[in-house]
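Here's the letter readout for the chains.
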Protein chains: 2
Amino acid sequence: MNPTLPALMTGEAIGIDIGGTKINGGTIRVSDQAALQANLGTVYDLQNLATPTKTEPFLEALTTIIANLKNTSKPPIQCVGISTAGMVDPNRGMILGSTGNLPAVIGPFNLKATLEERTGLKVHVENDANAAAYGEYRAGAAQGYRNVLMITLGTGVGGGVVVEGKLVQGAHFSGGEVGHIAIGHDKKRQCTCGRWDCWEAYASGTGLALTTREMLKSQAHRPEVKALLKDDTIEEIGTHALIAAVGEKNPFAIEIMDLWHEHIAVGLGSIMNVLDPEMVVIGGGMAQFVDFEKLKKALSQRVMVPIESVHLEPAVLGNHAGMIGAAFLALEHLN
Amino acid sequence: MNPTLPALMTGEAIGIDIGGTKINGGTIRVSDQAALQANLGTVYDLQNLATPTKTEPFLEALTTIIANLKNTSKPPIQCVGISTAGMVDPNRGMILGSTGNLPAVIGPFNLKATLEERTGLKVHVENDANAAAYGEYRAGAAQGYRNVLMITLGTGVGGGVVVEGKLVQGAHFSGGEVGHIAIGHDKKRQCTCGRWDCWEAYASGTGLALTTREMLKSQAHRPEVKALLKDDTIEEIGTHALIAAVGEKNPFAIEIMDLWHEHIAVGLGSIMNVLDPEMVVIGGGMAQFVDFEKLKKALSQRVMVPIESVHLEPAVLGNHAGMIGAAFLALEHLN
């Protein structure tokens, strides 16, 4: 434990995670460091509602969850932390814009002011990737470290950065867009964002599926291909079939997974060279398929500092990271 | 001017820049913001000595420069800021290791304690790339901004990062190693550091020369090649000949320079996506050849935020950036 860690803000806060399909909420209790470590990532009174697509029902859903949690909690609730999709200005509590998966709030919308008026509680709003990184930093895998990089490997690649205990928001609240760093300069693969050679286009689940198809096409003569494909065509194959084949020790499938680890290491190594974190946390749906020893070996070819001096750990808070991080941020912003 | 900028520490400080061949020193005066802007980057009583290769003569050279500057200055000198090559722990004032261009201090060496004892002045030590970035942030091109990325394009590529007004040191004092992010994943070009596809291997002057030779070899049939080469062979050609040919409007040379701007943009865009700075400063010997409009256009294909929302400026402090930055850091660490 680093002695320069910030003091814990003790208290009881509601954490809300606004996703494209569901709004999840729960209560986070912070009494002291010992209790926190004992209850690592515990969220009480979990509940959820489908995310409405219109503004007023959306606000009503949020208000309902907050009211329910406030009424259920015995110790008084001090504040509400919101983790949400979209670009967020946490200083003003504004959702600046959403990427289309949050149709209820288009354009700049002051979620903080609106919810504070409706609930009578102090509200803090943060982007979901940043909130998840902060959750892992405060109550998860990165607890006790001051310089933390979290990446999430899923359908896409996201992330959040903590430098000396503070989230890197960026000048336009766009810091930590790690998925869209480039790991190539020759326009080989276009990302779903329209840019070329983004890390996400290789390191995400979608990227791994693409790599699998490319490899199968270019080496279609190999004897292991049939066992890998089973009943799929090359165009149909996805990560599930690949991972099943890895389980069956298919050498071609293992080669493809090795290449995926290389792809993860190229982008991750770049970010590590810029930020020099002491702890890297890997979350997201694809994290379970990461072989951490293999990744460390690949990273050792990329990173300036000795790789043994960096901790590399899987995320531990799962889908609760965002609401936990938002709740901590809300408690810390009370003072 | 951002109202949340830290208050200036007024005073008089010595700034020293330790390079592989020379130690440069001078005095920096900070009275108030208005005076600072009027004297943008002014260093008084500049002097230098060759950098000794043995420890004791090295320390004597430093002590001599500091004593001279202290005696010359009419207002009392409050502290000394040192900008040095090598890996530095600025909290303890230690040079942790040098890259071979500073043979006088091999291994961990407490420069701060040694110089404080010999000079009776408070000393702050910082890595030269970080000190230069801090200089541009405090008294140069990035004055007034809180989130600043500085890159230096020279024989190599270096940099420094300021987030919310603070230098990003990194957990192992290795933050800001921007030259060694990867802009490729297929091992096409090896960097002088031994790693593959580092940004430095493309964006530095050395990288540009390599790109020039590669382009000339692969397109040796083009009619513009003769005018570009003049009396050089392909193996001999360097950036001087290329830039001369660009001046003569040689279309092939212009294409190569365009590609160099693409190479700069790929790496710079990646770092900008992670940090989201509001100001990017470009320094180093190769900066004079950067066409900022061309670079912005290339960056607009890479960066998540609208490129018009980011300032992109040439460095203004030149070789004095390091000593100015170190002097500011020293003054700020007095309190």
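Refer to the structure presented above.
Residues numbered from 1 in each chain as written. Chains lettered and ligands numbered in written order. Predicted model: local features only at pLDDT ≥ 70, side-chain atom pairs only at ≥ 80, totals over all residues. Heavy atoms only, no water.

Student: How should I be thinking about the overall build of chain A in this particular structure?
Tutor: Counting secondary structure elements, chain A contains 11 helices and 13 strands. A globule of 335 residues ought to have a C-alpha radius of gyration of about 20 Å, and chain A, at 21 Å, matches this closely. Each principal axis of the C-alpha distribution contributes one length, and for chain A these read about 65 × 45 × 35 Å. The proportion of buried residues among the 335 residues of chain A is 57%. Taking all contacts inside chain A whose residues are at least 6 apart in sequence as the whole, residues at least 24 apart take part in 66%. If you sum the accessible surface of chain A, you get close to 13,400 Å²; carbon and sulfur atoms cover 53% of it. (Helix = DSSP H or I, 4+ residues; strand = E, 2+ residues; numbered from the N terminus. Rg over C-alpha atoms; globule rule 2.2 N^0.38 Å. Buried < 20%, exposed > 50% of the residue type's maximum accessible area, 1.4 Å probe, protein only. Contact = heavy atoms within 4.5 Å. Areas by Shrake-Rupley, 256 points an atom, 1.4 Å probe, with all protein chains shown as cover.)

Student: Explanation requested: the pattern of salt bridges in the structure shown.
Tutor: As a working rule, side chains carrying opposite charge can pair if their charged atoms are close by. Residues and elements named next belong to chain A. For the structure shown, the criterion picks out 26 salt bridges over all chains. Note that E224 and R222 form a salt bridge whose closest N and O atoms lie 3.0 Å from each other. When sorted by exposure, E224 lands in the same class as R222, which is buried. Several salt bridges converge on common partners, so that one network encompasses R222, E224 and E255. (Salt bridge = Lys/Arg side-chain N within 4 Å of Asp/Glu carboxyl O.)

Student: Got a minute to help me understand helix α11 (residues 321–334) of chain B in this structure?
Tutor: Residue pairs three or four apart in sequence face the same way in an α-helix, which turns once every 3.6 residues. Residues and elements named next belong to chain B. Its 14 residues place the ends of α11 20 Å apart at the C-alpha level, agreeing with the 20 Å of an ideal helix rising 1.5 Å per residue. Judged by how many residues are buried, α11 sits mostly within the fold: 12 of 14 residues are covered. Buried residues of α11: A321, G322, M323, I324, G325, A326, A327, F328, L329, A330, L331 and E332, and no others. (Expected span 1.5 Å × (residues − 1).)

Student: Help me understand the packing of aromatic side chains, please; the structure alone is not making it clear to me.
Tutor: The relation between two aromatic rings is expressed through the spacing of the ring centres and the mutual angle of the planes. Under the counting rule described, the total for this entry stands at 2 aromatic pairs over all chains. Across the ring face of Y202 of chain A, the terminal group of R189 of chain A is positioned such that the distance to the ring centre comes to 4.2 Å. The side chain of R29 of chain B reaches across the aromatic face of Y44 of chain B, ending 3.7 Å from its centre. (Phe/Tyr/Trp six-rings, centres within 6.5 Å; stacked < 30°, edge-to-face > 60°. Lys NZ or Arg CZ within 6 Å of the ring centre and 35° of its normal.)

Student: Help me understand the relation of the copies chain B and chain A in this model?
Tutor: The pair of chain copies shares a relation made of a rotation about an axis and a shift along it. Once turned by 180 degrees and shifted 0.0 Å along the axis, chain B lies on chain A with an RMSD of 0.0 Å. Expressed as a symmetry operation, the mapping of one chain copy onto the other fits a two-fold axis. Judged by C-alpha distance, G184 of chain B is the residue of chain B that lies nearest the rotation axis, at 2.0 Å. (Least-squares fit on C-alpha atoms with pLDDT ≥ 70 in both.)

Student: Would you mind showing me how to read the pairing of strand β6 (residues 94–97) of chain A here?
Tutor: Remark: a regular strand shows side chains that alternate across the two faces of the sheet. All names here are of chain A. Bridge count between strand β5 (residues 87–89) and β6: 3 bridges; the pairing is antiparallel. What sits directly across from V88, in β6, is I95. A loop of 4 residues connects β5 with β6, the two strands running antiparallel in sequence, and G93 in this loop sits at a positive phi of about 75 degrees. (Pairing = 2+ DSSP bridges.)

Student: I tried to follow the sheet that holds strand β13 (residues 311–314) of chain B on my own but got confused; where do I start?
Tutor: Consider a sheet: its strands pair through backbone hydrogen bonds, and that pairing is either parallel or antiparallel. All names here are of chain B. Spatially, the 5 strands line up as an open sheet ordered β11-β10-β9-β12-β13, and their pairing is mixed. Edge strands, defined here as strands with exactly one partner in the open sheet, are β11 (166–167) and β13. Sheet topology note: the strand β12 (residues 279–283)/β13 ladder contains 4 bridges and is parallel. Each bridged residue has a counterpart across the sheet, and for V281 the counterpart in β13 is E313. The sheet strands contacting helix α4 (residues 128–139) are β9 (148–153), β10 (157–163), β11 and β12, and the helix crosses β10 at an angle near 55 degrees. Strand contacts of helix α9 (residues 251–275): β9, β10, β12 and β13, with the helix running at about 155 degrees to β9, the strand carrying the most contacts. (Axes fitted to C-alpha atoms, helices over the stretch in contact; angles between N-to-C directions.)

Student: Hey, could you run me through the side chain of T119 of chain B in this one?
Tutor: Residue and element names in this part refer to chain B. Structurally, T119 is set in helix α3 (residues 111–119). The class for T119 is buried, based on a relative accessible area of 13%. One polar contact links the side chain of T119 to the main-chain carbonyl oxygen of L115, over a distance of 2.7 Å. A polar atom in the side chain of T119 sits 3.2 Å from the backbone nitrogen of L121. Ignoring any residue separated from it by four or fewer positions in sequence, one finds T119 in contact with T63, I66 and K70. (Polar contact = N/O pair within 3.5 Å; in protein donor to acceptor, adjacent residues only side chain to side chain.)

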